[in-house]
Amino acid sequence: MSDVLKDLAPTGKVRIGINYGNPVLAKKDPGSGELRGLAVDLARELGTRIHVPVELVGYDSAGKMFEAVKSGSWDAAFLAIDPGRADEIDFTAPYVEIEGTYLVRGDSPYRVVGDVDQPDVRIGVSAKSAYDLFLSRSVQRAELVHASGPDAAFALFLSGKVDVLAGVRQHLVANAAKVPGARVLDDRFMAIQQALGIVKGRVDGAKYLREFIEDVKVSGLVKRPLEKSGVSGVSIAPPAPT
């Protein structure tokens, strides 16, 4: 365990990055600033198991959290698996899968995801999010317009600076309720695999986190917080191959 603690808690506590811009993972209370949700519950469970204090390091976007790994601001973080992040982070297998899709206006001609990738279409995205990284590789004709986070991307949509808003389905559904007639497309352009990541090269810590994630999936520690939060449209990932 000493080697695991050296990797996970080099400062004597485990600093865990939490993306509260993704409502499936966590939310930030606007009054108290307290973080709550699935990722927070799992972070505290991890601290209990390795017997060290937990420091929650909150970010309003996954892109900002990913950039913070370069400054050593966290030891482990809950974020989506993407090959564009693999040079900096070692990932566990996923623990949940969520959908990346589009929000469109009521008069939009786009009915399915495949309709969107057209010339002169502007897609708003949160910079360096998992869906931005995916769309940057896959979109051929439309233009991606980047914002600093999910809320800033929604502001682009509200102001008419983009035609379509990409994002996590749950966040888009919440935003659709604020725009009369707006709708979220039924299909998806990707399944976003959420995992637990650790700073690259911390081999013992990475091994421990992989085992931790497999255990919380089968024990109900992923399922129960999801049910408690009332979040829908999320699938618990299957066991990792052995």
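Let me sum up the structure you'll find in this document. Model, not experiment: these values are computed from the prediction.

Reading guide: rules and limits
- Residues numbered from 1 in each chain as written.
- Predicted model: local features only at pLDDT ≥ 70, side-chain atom pairs only at ≥ 80, totals over all residues.
- Heavy atoms only, no water.
- Buried < 20%, exposed > 50% of the residue type's maximum accessible area, 1.4 Å probe, protein only.
- Helix = DSSP H or I, 4+ residues; strand = E, 2+ residues; numbered from the N terminus.
- Pairing = 2+ DSSP bridges.
- Phe/Tyr/Trp six-rings, centres within 6.5 Å; stacked < 30°, edge-to-face > 60°.

### Remarks on unusual backbone geometry
The phi dihedral of Asp120 falls on the positive side, at around 75°, and the residue is not glycine. Exposure remark for Asp120: the relative accessible area of 74% places this residue in the exposed category. Although it is not a glycine, Lys128 sits at a positive phi angle of roughly 65°. Among the secondary structure elements, Lys128 is positioned in the loop between β8 (122–126) and α4 (130–138). Residue Lys128 is classed as partly exposed on the basis of its relative accessible area, which comes to 39%.

### Some thoughts on the pairing of strand β10 (residues 164–168)
By the criterion of burial, β10 is predominantly enclosed, with five of the five residues buried. Bridge count between strand β7 (residues 96–104) and β10: five bridges; the pairing is antiparallel. What sits directly across from Tyr102, in β10, is Ala166. Relative to β10, β8 is paired through two bridges, and the arrangement is parallel. Looking at the pairing, Gly124 lines up with Leu165 of β10.

### Considerations on the packing of aromatic side chains
Evaluation of the coordinates by the stated rule reveals four aromatic pairs. Centroid distance Phe78 to Tyr95: 5.9 Å. Interplanar angle 85°. Geometry classified as edge-to-face. Remark: Tyr95 occurs in the loop between β6 (89–91) and β7 and Phe78 occurs in strand β5 (residues 76–80); sequence separation between them is 17 residues. When its relative accessible area of 1% is taken as the criterion, Phe78 is described as buried. Of the residues examined, Tyr95 reaches a relative accessible area of 0% and is grouped as buried. Note on Phe154 and Phe157: the rings are 6.4 Å apart at their centroids and 15° apart in plane angle, and the pair reads as stacked. In this pair, Phe154 and Phe157 are both assigned in helix α5 (residues 150–158), three residues apart and thus about one turn of the helix distant.

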